[in-house]
Amino acid sequence: MSTTTKLDLASPASAKASSAKPRRGLRGSPTVNFWLFTGPFLIGLAIFVYTPILWSLWLSFFEARFTVTPDKFVGFDNYVYMLTNDDFVGSLGTFTAFAAFIVPTTWALSLGLALLVNRMRFMRAFFRSVFFLPTAVSYVAASLIWKMSIFSGVRFGLMNTVLGWFGIDNIAWLIDPNPPWYWLVIVTARLWLQSGFYMILFIAALQNIPDELYEAAAIDGAKPGWQTFRYITLPQLRATSTAVILLLLIAAYQAFDEFFNLLSKTTWGRPPLVELYYKALGESQDYGAGSAGALILTVLICAVTLLQGKIMGFGRGDESK
Amino acid sequence: MTTTMPKVRKSAPTPDAPSRVRRSGGVMSSTGLYIATGIAALLFLVPFYILVRNALSTDAEITGENWKIFPTDIQWGNLSELFTDETVPFAQSLWNSAVVATLHTVGVLLVCSLAGYGLARIPYKHANKVFYAVLGTLMVPTAVTFVPSFVLVSSLGWVDTYRGLIIPGLFSGFTCFLFRQYFLGFPKELEEAARMDGLGYWGAYWRVVVPNSLNFFAAMATITFINGWNAFLWPLVIGQDPSSWTVQVALSSYMTNQTVVFHLIFMATAISILPLVFVFLFLQRWLVQGIAQTGIKG
């Protein structure tokens, strides 16, 4: 054990700066301990994350219907099929439209709520709880409330009842894609479910802005309100905003639950995951094409994430701590 | 800052102004602030109200032409009717969700916190490479890997089992990452003290680090439990037989099952939310702190 401790003294230069201090007193080799601590996680990661991805890669080059051990090699046919498949390409379009709606609206709503709650002197915890509470509700449950009560196409739906007071006819919110009212249903459901979570991130960031900045601005004559918000609050929230936008984009890519439940078997308005679900686990059980689609999606997500990460410097900052 | 001459304006601050600086206010009066926030809060509460109202109403009341804000007659019987209804095994699905979400939470916390600590605090030559291998999985959202994961899990024969529902979800790169970020900021002095007592990494972790991190663990437990309870896509894929449905899959089945009636759907939805609202109201202080601590903020 004493020899391994010496190794510890010799090698930490390459380890992270935060752990560079020698720890003579701690028993056991750091290397053995490192694997002891991380081993269970890494083995699981290898089996349940890396293996499926590699298996998927392999399957995507085969004709794999109803089987996961195919023998007919088809090269890039599955990829060509998916990239020329109207439903799949259309689902990427659906995603893009969805992200274009949901990312800015959630960003604005959660920031707005954070600003309101943060300014309160009384009942701050109460209002924070109210806005945060929907985070506990599942997409499935929210979809049921939205579909069967608020945005029901018939008279007993809440929205149509309210519209009726103003003499507006019933709207078939989810049955008819023209005009695409279903977007309103889907976007409001997700806004309700996730804004509270991002509001908390913004509140944490707002509380980290030093008071001195506002004091200095007040001395310089900046009017509280729009001016301080534009020139102090917003720039100070930059890091949080980019992180929030990244998280919102990733969450939007994973959209499945509310689309699946609100639109059920319609062929329009399917985001990529719903499309892949029907492709791989639907009647045709086409694992080859499904895998190719999943990999295309993964590459797209990686590209977007890396691009975003480059802009905000994700993962770089923590190494220098 | 003190040397700068303040520009004289009509609204020039009095000397004690800095202590009263309103951070982003000014445009809106205090009353306006409370009215705006109150309206927003009401809108956020409407879906909860509708859910409870419908859960305790008759079908006629839910679908009636004249929508009343308060049901005329509260139907507590809906609750017992839900659990005796044969079309969807609702009680079984609640039990499945409780087992799956609990074991999921315990497993994730154990596996991911250990790995996060190892990555943050144990000096090892290739620790950074290992960290990037973990970080890389963050870019492949779990939802995208459901096709290959299903292929793997079904070839292991785990479809319709608790193993299939729980084990593949334990290895969350994101949770591991959050634990690593947290442990990077954990005060070193406490571990130095453990060193003086002659503890190894393992002993120091269990006797010093974990007991001093209970707030963070509680926050992560709450988030993980909520995610486990609310998970839908994976349980939908794995739970093919109704006896292995989680509560979310059972709820979803109501949307296609024409024979189930409205009041039961809403009662089931209310019951599915209740445990989380409960957990949430009790633990939200930790939850809020934990989210603020996770290192997501800038």
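Residues numbered from 1 in each chain as written. Chains lettered and ligands numbered in written order. Predicted model: local features only at pLDDT ≥ 70, side-chain atom pairs only at ≥ 80, totals over all residues. Heavy atoms only, no water.

As annotated in an unreviewed UniProt entry, chain A carries the name Sugar ABC transporter permease and is attributed to Streptomyces koelreuteriae. Turning to chain A, the UniProt annotation filed under Sequence similarities (unreviewed entry) states: "Belongs to the binding-protein-dependent transport system permease family." Its UniProt record gives chain A a comment under Subcellular location (unreviewed entry), which states: "Cell membrane". (UniProt positions renumbered as here; feature names shortened; annotations may be inferred.)

A. Region of the structure containing the overall build of chain A. Secondary structure assignment for chain A yields 14 helices and zero strands. When its helices and strands are written in sequence order, chain A yields α-α-α-α-α-α-α-α-α-α-α-α-α-α. Partitioning the contacts of chain A with sequence separation of at least 6, the portion at a separation of at least 24 is 65%. Carbon and sulfur atoms form 66% of the exposed surface of chain A, whose accessible area is close to 14,300 Å². (Helix = DSSP H or I, 4+ residues; strand = E, 2+ residues; numbered from the N terminus. Contact = heavy atoms within 4.5 Å. Areas by Shrake-Rupley, 256 points an atom, 1.4 Å probe, with all protein chains shown as cover.)

B. Local environment of the nonpolar core. By size, the foremost hydrophobic cluster in this structure holds 190 residues, and its most contacted members are F41(A), Y277(A), Y287(A) and F146(B). At 17 residues, the largest contribution of residues to this core is made by helix α8 (residues 182-207) of chain A. Discounting chain neighbours no more than four positions away, the residues touching Y287(A) are L59(A), A64(A), F66(A), T67(A), V68(A), A280(A), L281(A), V147(B), F150(B) and V151(B). (Core = buried A, V, L, I, M, F, W, Y, C linked by side-chain atoms within 4.5 Å. Buried < 20%, exposed > 50% of the residue type's maximum accessible area, 1.4 Å probe, protein only.)

C. Seen up close, the UniProt feature "transmembrane region" (unreviewed entry) in chain A. All names here are of chain A. In the numbering used here, UniProt assigns the feature "transmembrane region" (unreviewed entry) to residues 34-58, 95-118, 125-146, 181-206, 237-256 and 287-307. Helix makes up 100% of residues 95-118 and strand 0%. Its end C-alpha atoms lie 33 Å apart. Secondary structure content for residues 287-307 is 100% helix and 0% strand, and the end C-alpha separation is 30 Å.

D. Spotlight on the packing of helix α6 (residues 139-150) of chain A against helix α2 (residues 30-55) of chain B. Their axes nearest at 10 Å, the elements α6(A) and α2(B) cross at an angle of 70°. Between α6(A) and α2(B), the crossing angle belongs to the class labelled roughly perpendicular. Facing I145(A), W146(A), S149(A) and I150(A) of α6(A), the residues of α2(B) in contact are P47(B), I50(B), L51(B) and N54(B). Partitioned by chemical class, the residues of the contact of α6(A) with α2(B) number six nonpolar, two polar and no charged. (Axes fitted to C-alpha atoms, helices over the stretch in contact; angles between N-to-C directions. Parallel < 35°, antiparallel > 145°, perpendicular 65-115°, else oblique. Nonpolar A, V, L, I, M, F, W, Y, C, P; charged D, E, K, R; others polar.)

E. The interface of chain B and chain A, seen in detail. In this complex, chain B contributes 120 residues to the contact, which on the side of chain A involves 124 residues. Taken together, both faces of the contact between chain B and chain A bury some 11,500 Å²; the carbon and sulfur share is 74%. At the junction of chain B with chain A, the criterion picks out zero salt bridges. If you look at where chain B meets chain A, you find nine residue pairs in polar contact (both at pLDDT 80 or more). If one sorts the elements of the side of chain B that touches chain A by residue count, helix α15 (residues 262-293) of chain B sits on top with 15 residues. Looking at the side of chain B that touches chain A, its residues break down into 80 nonpolar, 28 polar and twelve charged. (Buried area = accessible area lost by both parts, 1.4 Å probe. Salt bridge = Lys/Arg side-chain N within 4 Å of Asp/Glu carboxyl O. Polar contact = N/O pair within 3.5 Å; in protein donor to acceptor, adjacent residues only side chain to side chain.)

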